[in-house]
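Understanding the architecture of this molecule
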Amino acid sequence: KAVAHWFRWDLRLSDNTGLHRAAESAKSQGLPLICLYLFSHQDFHAHLTSPARIDFCLRTLQILKDDLAKLDIPLWVEEVTDRKRTQNHVLDWCEKWDVGELHANMLYEVDELRRDAKLVREGVKKDIRFTVHHDTCVVEPMVLRSGAGKTYSVFTPFFKSWEPYVYRNKCVQDLFPPPGKNDPKHTVREAFAELFSQTSFPTPNPNKRLEQKEAQRLAKLWPAGEHEARSRLRRFLDERVSKYVDTRNRPDNDSGTSGLSVHLSAGTLSARQAVRACMDHNKGKSLDSGHHGWIRELCFRDFYKQILAANPHVCMNKAYHEEYHKVKWEYNEEHFQRWVQGKTGYPIVDAAMRQLATNKYMHNRCRMIVASFLCKDLLLDWRKGENYFMSELIDGDFASNNAGWQFCSSSGTDAQPYFRIFNPLTQSEKFDPDGEYIRRWVPELSKLKGKEIHDPASRLSPAEFKKLSYPKPIVEHKAARELALERYKSGLGKN
Ligand code: FAD
């Protein structure tokens, strides 16, 4: 018999609750530990997982497989063709390798919860015990409750309750070490030779596959695996965290934030590791604003996961506040494509959309600006933007992405009120004051000086503007704003 861990978006050995529990159990029963990863094209398709994220995952799996092999633990990576049969697939695999106990970490999206529940039920019939563990959040969803006993729907009170809870309950005190080596007496290399010998990993479907050159470029930009995650974390803490509060809103500063979202979303770094390292780095003193500010951002991640867990309807294409369904959206494919291509005529929006298309990442401030622009200037359905983000981002995470979009479209928890509408020009002047970010991503404008760069169409003469080969704004912000207010008011019955 064997004990197994099934990796999903928890692609690391250290501080991995499910893996640790599986290893402990294997050890206490004198059994070998083996591991599984299922590669499902249909899941990637259904979840709009981006080619960059799939590539990051495959690069990480290679590292994980090598690290596990050093511990004599095999990692079997297998393709699933029919996602509806995933649970059968897992159980067949368990039966084949005589696994009586399977562990995994919980995913809070509805599809995944249903599938796992099915697997628990089906497993029982075959004498295979499947246990899912809370792992991805620092504080497991639904634990924190407001005075009225409800889950929080506003961030600030959530954070006020989250922070003391983390200290009081020592949530980041005892991080799990990686599993130990499989006992030589199990002769795992022989018993599981087939699992060790797998030579090639699955190839993503053509529409989810990166060209080789693109793959090489992104591999350099976003090195994979947990070792890289930890060294990136260390560099961020040593060099930048103390200035985080001043730099975090500046897209022109490439190192103003940690750039760790790709690791947190793939699970090459746990949120507990991030919080713990940040606290240790502050050397037990009361946290300074940089360290505190960064931990607060990590808390947003927990907050949005608990929103998802408590409100499964947000997984079903629905607004958190369902009345927002009644807001009438435009169907303008040309506008959507201009937004996607970074050709809206609003330099900050275009710079951000081009950053996304090239680096598969976008600065948080810019995510808010372009999301607001899509819903409130172009009046396009926020779900179109949400889906596009997911299909491009290397750090795509359903809970954070959905909540980010619902925040900007005003339909979510703790959202911007619908009448607060970002002005892309003032946002640009405030957060990219010297236009460096725009200059980097919109080369047509690289020679512009001063405030011209934020709003070339109205600050340059028509002749000068024409020379730039840069589009005029596709909508006029003031008029678009008025229209958005109208639409929201009438959708919400506030007229
Ligand atoms: P840092 O500033 O260094 O923050 C550290 C970590 O805290 C991040 O890696 C992230 O895990 C967490 N965090 C920070 N801000 C937020 C936030 N607002 N919401 C949730 N978690 C946060 N984040 C994703 O990880 N995946 C997404 O798909 C995603 N989509 C978004 C879509 C929109 C419209 C918006 C407004 C935000 C979205 N975010 C998403 C949140 C945020 O933009 C990114 O987490 C952040 O830009 C990542 O950069 P960083 O790692 O350098 O962040």
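The residue numbering used here restarts from 1 in each chain and proceeds along that chain's sequence as written. Side-chain atom pairs in this predicted model are given and counted only at pLDDT of 80 or more, local residue features only at pLDDT of at least 70, and totals for whole chains, interfaces and linings cover all residues.

An unreviewed UniProt entry lists the protein chain under the name Photolyase/cryptochrome alpha/beta domain-containing protein, with Arthrobotrys oligospora given as the organism. Turning to the protein chain, the UniProt record has this under Sequence similarities (unreviewed entry): "Belongs to the DNA photolyase class-1 family." UniProt positions are given in the numbering used here, feature names are shortened, and annotations may be inferred rather than shown by experiment.

Attention shifts here to the overall build of the protein chain. Secondary structure counts use DSSP, requiring at least four H or I residues in a row for a helix and at least two E residues in a row for a strand, with both numbered from the N terminus. On a plain count of helices and strands, the protein chain comes out with 24 helices and five strands. A radius of gyration in this sense is built from C-alpha atoms; the matching globule rule multiplies 2.2 Å by the number of residues raised to 0.38. Computed over its C-alpha atoms, the radius of gyration of the protein chain comes to 24 Å, within 12% of the 23 Å expected for a compact globule of 495 residues. Each principal axis of the C-alpha atoms in the protein chain carries an extent, and together these give about 80 × 55 × 50 Å. Note on contacts: residues are paired as contacts if their backbone-placed C-beta atoms lie within 7 Å. Restricting to contacts in the protein chain with at least 6 residues of sequence separation, those with at least 24 account for 77%.

A few words on the environment of Ala 277. If you trace the backbone, Ala 277 turns up in helix α13 (residues 271-281). Sequence-distant contacts of Ala 277, defined by excluding residues within four places in its chain, comprise Leu 233 and Leu 237.

With that settled, the discussion passes to the UniProt feature "domain: Photolyase/cryptochrome alpha/beta" (unreviewed entry) in the protein chain. UniProt annotation of "domain: Photolyase/cryptochrome alpha/beta" (unreviewed entry) refers to residues 1-138 when read in the numbering used here. The span residues 1-138 is 48% helix and 23% strand, and its two end C-alpha atoms sit 33 Å from each other.

Here is the check we use: build the C-beta atom from the backbone, and if it is within 6 Å of the molecule or strand, call the residue near. The immediate surroundings of the ligand are formed by 27 residues, with Thr 257, Ser 258, Ser 261, Asn 401 and Gly 404 found nearest. When contributions to the shell around the ligand are tallied by element, the ones reaching two or more residues are α12 (261-266), α14 (289-310), α17 (364-377) and α19 (398-409). Residues are grouped as follows: Ala, Val, Leu, Ile, Met, Phe, Trp, Tyr, Cys and Pro are nonpolar; Asp, Glu, Lys and Arg are charged; every other residue, Gly included, is polar. A breakdown of the residues in the shell around the ligand according to their chemical character gives 11 nonpolar, 10 polar and six charged. Domain borders in the structure are assigned automatically or taken from a domain database. Both of domain 2 (136-176 + 213-310) and domain 3 (322-489) provide at least three residues apiece to the shell around the ligand.

This part covers the domain arrangement of the protein chain. Examined at the domain level, the protein chain breaks down into domain 1 (1-135), domain 2 (136-176 + 213-310) and domain 3 (322-489). The centre of domain 1, based on its C-alpha atoms, is set 25 Å off from the matching centre of domain 2. Contacts between domain 1 and domain 2 engage 22 residues on the former and 25 residues on the latter. Only α1 (17-29) and α3 (51-70) provide two or more residues apiece to the side of domain 1 that touches domain 2. In terms of residue count, the dominant contributor to the side of domain 1 that touches domain 2 is α3 (seven residues).

What follows covers the sheet that holds strand β2 (residues 33-40). DSSP bridges decide pairing: two strands pair if at least two such bridges lie between them. On the basis of which strands lie adjacent, the open sheet formed by five strands has the order β3-β2-β1-β4-β5 and parallel pairing. Each edge of the sheet is formed by a strand with only one pairing partner; in this case those strands are β3 (75-80) and β5 (129-133). Going from strand to strand, the sheet's axes swing by 25 degrees on average, the running direction of each strand aside. Relative to β5, strand β4 (residues 99-105) runs parallel, the two being bridged by five bridges. Think of each axis as a best-fit line through the C-alpha atoms, taken over the contacting stretch in the case of a helix, with angles from 0 to 180 degrees between the N-to-C directions.

Here we come to helix α18 (residues 382-392). The burial label depends on the number of other C-beta atoms within 10 Å of a residue's C-beta. Counts of 20 or more mean buried, 12 or fewer mean exposed, and intermediate counts mean partly exposed, with C-beta atoms placed from the backbone. Three or more residues of α18 are buried, namely Trp 382, Gly 385, Glu 386, Phe 389 and Glu 392. Down the axis of α18, the sector holding all buried residues measures 140 degrees, keeping them to one side. At its buried positions, α18 is contacted by α16 (347-359), α17 and α19. Here the arc refers to the set of directions running from the helix axis out to each C-beta atom.

This brings us to the nonpolar core. Put simply, a nonpolar core is a cluster of buried Ala, Val, Leu, Ile, Met, Phe, Trp, Tyr and Cys residues tied together by C-beta atoms within 7 Å. Among the nonpolar cores identified, the biggest contains 125 residues, and Ala 4, Val 275, Ala 352, Ile 369, Val 370 and Leu 374 are the most heavily contacted of them. Considering each element in turn, this core owes the most residues, nine residues, to α14. With sequence-adjacent residues up to four places away left out, Ile 369 is seen in contact with Ile 348, Val 349, Ala 352, Phe 422, Pro 424 and Gln 427.

So, about the environment of Ile 63. Summarising the element assignment, Ile 63 is placed in helix α3. Between the alpha carbons of Ile 63 and Lys 125 there is a distance of 35 Å; along the sequence they are 62 residues apart. Sequence-distant contacts of Ile 63, defined by excluding residues within four places in its chain, comprise Ala 224 and Gly 225.

All right, on to helix α4 (residues 86-96) then. Along α4, the residues that are buried comprise Thr 86, Val 90, Leu 91 and Cys 94. Across the axial projection of α4, the buried residues extend over an arc of 130 degrees, all falling on one side. Exposed residues on α4 whose side chains face more than 90 degrees from its buried face are Asp 92 and Lys 96.

Moving on to the confidence of the model for the protein chain. Averaged over all residues, the pLDDT of the protein chain equals 95, while 99% of them reach at least 70. For this predicted complex, the interface score ipTM comes out at 0.99, while the overall pTM is 0.97. As a per-residue quantity, pLDDT reports the predictor's confidence and falls between 0 and 100.

Between two packed helices, the angle of one axis relative to the other and the distance separating the axes together describe the packing. At their nearest, the axes of α4 and helix α5 (residues 110-125) sit 9 Å apart, and the two run at 40 degrees to each other. Classified by the interaxial angle, the pair formed by α4 and α5 is oblique. In terms of crossing hand, the pair formed by α4 and α5 is right-handed. Across from Thr 86, Gln 87, Val 90 and Leu 91 in α4, the residues of α5 making contact are Arg 115, Lys 118, Leu 119, Glu 122 and Gly 123. For this classification, under 35 degrees means roughly parallel, over 145 means roughly antiparallel, 65 to 115 means roughly perpendicular, and everything else is oblique. Crossings are sorted by hand: turned counterclockwise from the far helix by less than a right angle, the near helix makes the crossing left-handed, and turned clockwise it makes it right-handed.

Let's shift gears to the pairing of β2. With five bridges connecting them, strand β1 (residues 2-7) and β2 associate as parallel partners. Directly across from Ala 4, in β2, lies its bridge partner Ile 34. Relative to β3, β2 runs parallel, the two being bridged by six bridges. The partner of Ser 40 across the bridge, within β3, is Val 80.

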